[in-house]
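Observations on chain architecture
Residue-level listing of the chains:
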Amino acid sequence: MIKNIVNLGDAAIYCDFGSDVNQEINSKVIKYFKILKDKNLKGVTNLSPSYNKLIITFDLNETNYDYLKQEILNMSFNIKNKHIGQKINIPMCCDEEFSIDIQRIEKKFQKSKNEIINLFLNKNYFCYMTGFIAGMPFLGDLDKKIQLDRLETPRVKVPKGSIGITEQFCNIYTYESPGGWNIIGKTPLNIFDPKNKKKPNLISPGDQITFYEIKKNEFTKFYDK
Amino acid sequence: MNLQNFMTNDYFKVIRGGLNSTFQDNGRENLYHIGLPFSGAMDRRNFLIANKLINNDKNDAVIEFALQGPQLKYFGESRNIVITGNVNFKILKNNKTQNNGECYKTIEIDDGDTIDIVSTNKSVYGYFSINGGFKLDKVWNSYSTTTRAKVGPNNGDKLKDGQEILLNNPNHSPFRKLNILNSKIEFIRVIKGTNFDYFSKQSTKDFFSKNYEVTKLTDRMGMRLNGSRLNNIKDTNIKSEGLVKGTIQVPADGQPIILLSDHGTIGGYPKIGMTISADYDKLVQIPPGSKIKFKEIELKDAENLYKLYDMETNNILNKVL
């Protein structure tokens with residue numbers, strides 16, 4: 001199932017599942033990630049699943065590349081039962097104030113704001129991975145009609161909760177952070193809550209995400225709760 | 001009165017927070033997959049020595065500071081502190097005399113004393129430990145701070161001017177002193193990265209032969225370098241994938257960035273190389289403006305060098321009685 005295993009420096013293993021980005025390959029990555037997480041192999045300090053790679057970081061005092069690689073190769077990964085994630089519905093406000101890049105996208109695709117937002121809302125998204133900044137979900141795939149490149153010059157500050165699109169993906173900024181994605185709206189939900197020790201991230205790899213639109217007055221109500 | 005149950009009210013008042021002063025320990029494991037880096041003390045060896053000299057547990061929290069450290073005024077009963085690294089600091093006694101501080105040595109401070117950590121010297125990071133330790137809560141089983149995600153003690157923040165730092169009851173802390181020289185490193189040793197072949201022959205040759213300058217855009221997240229441009233002949237982007245500390249990635253502008261302890265967990269720039277674990281503590285101590293050179297080595301050598309480095313660290317720690 002893993003196409004290639006190599007070392008990434010002296011304290012990590014790089015498992016390559018292929019070069020394409022699709023849900024089939026990513027589901028395999030997530031499956032391996034979950035099995036390895038449960039196995040809790042000696043010396044393993046971190047697991048990083050992404051679209052089509054899995055990186056395993058380890059403590060050189062406890063194990064090493066050759067030993068751990070062999071352990072992984074000897075393990076059985078019952079890949080058949082497909083991982084089923086949670087279904088989560090995310091509120092999103094597309095008020096002018098929040099959809100800061102919409103005018104540029106309207107111009108680029110010669111479509112109205114409504115058309116663009118509807119194309120966005122009419123899809124189910126799959127969470128490929130979380131990361132970059134804590135809890136940030138990488139969701140896909142966007143409708144081909146609204147796929148576009150990153151901003152040429154990234155913003156220094158993207159507000160927390162912003163929903164951005166780029167290429168075939170969509171993400172949600174869990175903190176105010178620099179970023180180059182095209183922002184079309186904002187969610188009032190707290191997508192990453194460090195105070196929730198058991199499950200700080202609302203969205204995990206493998207989850208199925210949909211968005212629904214809320215008005216500005218409903219948006220502000222979320223904060224009152 | 002039962003001394004065991006007596007909770008101390010000893011504390012520090014932060015007069016000046018300094019440039020980037022945070023609580024750190026050995027780092028936080030198993031959270032890469034939700035986007036949290038390892039964090040922890042940048043220079044692990046000096047962190048371990050700070051705790052050992054003060055007679056605290058090996059993974060107790062210390063204050064790590066960068067370049068300019070904090071200025072702290074102490075209120076409480078006399079107790080010991082230790083500062084490790086290559087650090088200029090002063091102790092201003094309550095009776096107004098001023099003493100220059102000495103690193104790697106227990107120093108007794110009294111009520112009303114001020115510790116002024118002026119600067120690190122030809123290095124970046126220093127460590128401050130106190131007898132009994134700081135009164136903090138662990139977050140995900142760690143005292144490490146990741147300021148970008150606001151995760152860790154002190155609400156995940158740097159030390160701020162005017163805040164207070166509460167302390168635990170003091171433990172037994174005998175006088176201890178260590179003679180140690182923080183040796184400089186000539187080369188940063190590197191294992192080829194997974195995208196090494198994305199770069200032109202000339203560029204990979206330059207990478208292992210030319211000087212690269214450590215720029216001011218360097219912090220706990222990463223070290224930005226400036227030098228011979230590394231030409232990517234394949235693709236300046238890869239599909240975003242996991243990152244680990246020590247990764248040397250090269251964005252489209254051809255200037256390498258070494259990812260350090262607070263790095264973003266996912267990224268899409270090609271990885272030309274990986275700095276070896278044995279050189280990490282020394283790498284992070286190289287101040288902006290310095291020049292570094294990379295040297296290629298094989299995995300087996302890197303593993304052996306790490307064993308040696310770890311043995312050397314343990315030898316230093318064992319010298320402390």
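These numbers were taken from a predicted model, which means no experiment stands behind them.

1. Some points on the packing of helix α1 (residues 44–54) of chain B against helix α4 (residues 299–319) of chain B
Residue and element names in this part refer to chain B. Packing of α1 against α4 brings their axes to within 10 Å, and their N-to-C directions diverge by 20°. Accordingly, the angle class assigned to the pair α1 and α4 is roughly parallel. Remark: the crossing between α1 and α4 carries right-handed chirality. Residues R44, R45, L48, I49 and K52 of α1 form the contact with α4, whose own contacting residues are Y309, D310, E312, T313, I316 and L317. Looking at side-chain class alone, the contact of α1 with α4 contains five nonpolar, one polar and five charged residues.

2. A word on the interface of chain B and chain A
Listed by partner, the interface residues are 37 residues for chain B and 44 residues for chain A. Together chain B and chain A conceal approximately 3,300 Å² of surface at their shared face, both sides included; 59% is due to carbon and sulfur atoms. The tally of links from chain B across to chain A stands at one salt bridge. Taken together, chain B and chain A are joined by 16 residue pairs in polar contact (both at pLDDT 80 or more). Residue assignment for the side of chain B that touches chain A shows that the elements contributing at least two residues are β15 (241–242), β19 (271–275) and α4 of chain B. Residue composition of the side of chain B that touches chain A, grouped by class: 18 nonpolar, nine polar and 10 charged.

3. Some details on helix α3 (residues 102–109) of chain A
Residue and element names in this part refer to chain A. Among the residues of α3, those classed as buried are I102, I105 and F109. Across the axial projection of α3, the buried residues extend over an arc of 60°, all falling on one side. Facing away from the buried side of α3 by over 90 degrees, the exposed positions are Q103 and K107. Two residues or fewer after α3 comes Q110, characterised by a positive phi angle close to 55°.

4. Re the pairing of strand β1 (residues 11–16) of chain B
As a general feature of sheets, a regular strand has side chains that alternate between the two faces. Sheet topology places β1(B) next to strand β11 (residues 164–166) of chain B; three bridges connect them, and they run antiparallel. In the sheet register, Y11(B) faces β11(B), and the bridge partner there is L166(B).

5. Details of the domain arrangement of chain A
Residues and elements named next belong to chain A. Partitioning chain A into domains gives domain 1 (4–74) and domain 2 (87–224). Computed over C-alpha atoms, the centres of domain 1 and domain 2 are 29 Å apart. Between domain 1 and domain 2 the total buried area reaches about 860 Å² when both faces are included, carbon and sulfur atoms providing 65% of it. Where domain 1 touches domain 2, the interface holds zero salt bridges. Here the side of domain 1 that touches domain 2 gets five residues from one element, more than from any other, and that element is helix α1 (residues 23–39). A per-class count over the side of domain 1 that touches domain 2 returns four nonpolar, five polar and one charged.

6. Quick notes on the state of the cysteines
All names here are of chain A. Counting across every chain of the model gives zero disulfides over all chains. Unpaired in this structure, C127 has its nearest cysteine sulfur neighbour in C170, at a distance of 10 Å. Residue C127 is classed as buried on the basis of its relative accessible area, which comes to 0%.

7. Some points on the domain arrangement of chain B
Residues and elements named next belong to chain B. The domain boundaries assigned to chain B delineate domain 1 (3–166) and domain 2 (188–318). Centre-to-centre, using C-alpha coordinates, domain 1 lies 28 Å away from domain 2. Between domain 1 and domain 2, the contact holds 25 residues from the first and 25 residues from the second. The three residues of domain 1 that bury the most area against domain 2 are Y32, M42 and R45, which together make up 35% of that side's buried surface. If you look at where domain 1 meets domain 2, you find two salt bridges. For the salt bridge of E312 with R45, the shortest nitrogen-to-oxygen distance reads 3.0 Å. Counting every contact that joins domain 1 to domain 2 gives 13 residue pairs in polar contact (both at pLDDT 80 or more). With six residues, α1 is the largest single contributor of residues to the side of domain 1 that touches domain 2. In the side of domain 1 that touches domain 2, the residues fall into nine nonpolar, nine polar and seven charged.

8. What to know about the sheet that holds strand β7 (residues 98–100) of chain B
All names here are of chain B. Across the sheet, six strands lie side by side as β7-β6-β9-β4-β1-β11; this open sheet has antiparallel pairing. Taken across any chain shown, the strands that pair with only one partner, and hence form the sheet edges, are β7 and β11. Averaged over all adjacent pairs, the angle separating strand axes in this sheet is 25°, with direction ignored. Bridging between β1 and strand β4 (residues 71–75) involves five bridges; their strand directions are antiparallel. Within β4, the residue paired with R16 across the bridge is Q71.

The rules behind these values
Residues numbered from 1 in each chain as written. Chains lettered and ligands numbered in written order. Predicted model: local features only at pLDDT ≥ 70, side-chain atom pairs only at ≥ 80, totals over all residues. Heavy atoms only, no water. Axes fitted to C-alpha atoms, helices over the stretch in contact; angles between N-to-C directions. Helix = DSSP H or I, 4+ residues; strand = E, 2+ residues; numbered from the N terminus. Parallel < 35°, antiparallel > 145°, perpendicular 65-115°, else oblique. Left-handed = near helix turned anticlockwise from the far one by under 90°. Contact = heavy atoms within 4.5 Å. Nonpolar A, V, L, I, M, F, W, Y, C, P; charged D, E, K, R; others polar. Buried area = accessible area lost by both parts, 1.4 Å probe. Salt bridge = Lys/Arg side-chain N within 4 Å of Asp/Glu carboxyl O. Polar contact = N/O pair within 3.5 Å; in protein donor to acceptor, adjacent residues only side chain to side chain. Buried < 20%, exposed > 50% of the residue type's maximum accessible area, 1.4 Å probe, protein only. Arc of directions from axis to C-beta. Pairing = 2+ DSSP bridges. Domains from an automatic or database assignment. Disulfide = S-S within 2.5 Å.

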